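Close look at the chain arrangement
Read off the chains here:
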Amino acid sequence: MSLLAVDGLSKRFGGLQAVQNLSFGMDRGEVLGLIGPNGAGKTTVFHLLSGFLPPDAGDIRFAGLSVVGKKPHAICQAGLARTFQIVRPFPRLSVLGNVTVGALARHAVVADAAERARAVIAQVGLTAKTDLPAAGLTLSERKRLELARALATEPVLLLLDEVMAGLNPAETGAMIDLINHINGTGVSILLIEHNMRAVMSLSHRIVVLSFGEKIADGPPGTVASDPKVIEAYLGAEHAGAPQA
């Protein structure tokens, strides 16, 4: 049984068909890349999977149970957590306070939640910043804090929305290592990312969206050489170009 099974998912906003009849699955332990041009519907898919938007049609089954119609907090408690493309921590709270809020999804006692939060903070490499306010963090550190808040909920499946956007090459490499480590602990990962080096390095499989529709699904090497993907994602002038 797939960990995540998406079947015929659709979402329209007025005259815009953001997601059209999308189907794909994920196995436990898998890292799946979700790529496509800006406006392809990737973040809308995340909103649908995590309960922030209701689908117009289709089903989403997580660990065998449909989550359509469930609230975001209920989906999170079931084991599906997400980050957001635009990170908005509580600026006046410390790093520990921010991550403790996430841990409260699993630990009702604040002391227990704080203990879990400290472990996650160490996991993402922010121990030295534990007691500092989130407002003073760099972009790279805020990205790690966003990741820590989601990890603190103890997810089975983690949705990462452009956690490497804006990072320099060294920071990107460190984030790739961290995501690989998280996946190595047994957490499945669905990843939206425009950094193709990161996508190719991390993903076991890639799904490509264009104008809300799936145009490719397969191993990274196969997807990267697909003419439809080259045309939709890199521009028509690249379609049919010789491969290096």
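Each remark here, short or long, concerns the structure printed above.
As summarised here, the arrangement of the four strands in space is β2-β1-β4-β5, forming an open sheet in which the pairing is antiparallel. At either margin of the open sheet sits one strand with a lone partner, and together these are β2 (16-26) and β5 (65-66). Direction of pairing for strand β4 (residues 57-62) relative to β5: antiparallel, over a ladder of two bridges. Its bridge partner being in β5, F62 is matched across the sheet by L65. Packing against the sheet, helix α1 (residues 42-49) makes contact with β1 (4-13), β2 and β4, and its axis sits at approximately 115° to β1.

A few words now on the side chain of S188. Inspection of the secondary structure puts S188 in strand β8 (residues 188-192). When near neighbours in sequence (up to four residues on either side) are disregarded, S188 contacts L3, M26, D27, R28, G29, E30, V156, L157, L158 and N183.

A cluster of nonpolar side chains, namely F90, L93 and V101, defines an oily patch on the protein surface of about 240 Å² accessible area. With respect to the element layout, L93 can be found in the loop between β6 (80-82) and α3 (95-103).

Reading the values: the criteria
Residues numbered from 1 in each chain as written. Predicted model: local features only at pLDDT ≥ 70, side-chain atom pairs only at ≥ 80, totals over all residues. Heavy atoms only, no water. Pairing = 2+ DSSP bridges. Helix = DSSP H or I, 4+ residues; strand = E, 2+ residues; numbered from the N terminus. Contact = heavy atoms within 4.5 Å. Axes fitted to C-alpha atoms, helices over the stretch in contact; angles between N-to-C directions. Patch = residues over 30% accessible without salt bridge, like charges linked within 9 Å, V, L, I, M, F, W, Y side chains within 5 Å. Areas by Shrake-Rupley, 256 points an atom, 1.4 Å probe, with all protein chains shown as cover. Salt bridge = Lys/Arg side-chain N within 4 Å of Asp/Glu carboxyl O.

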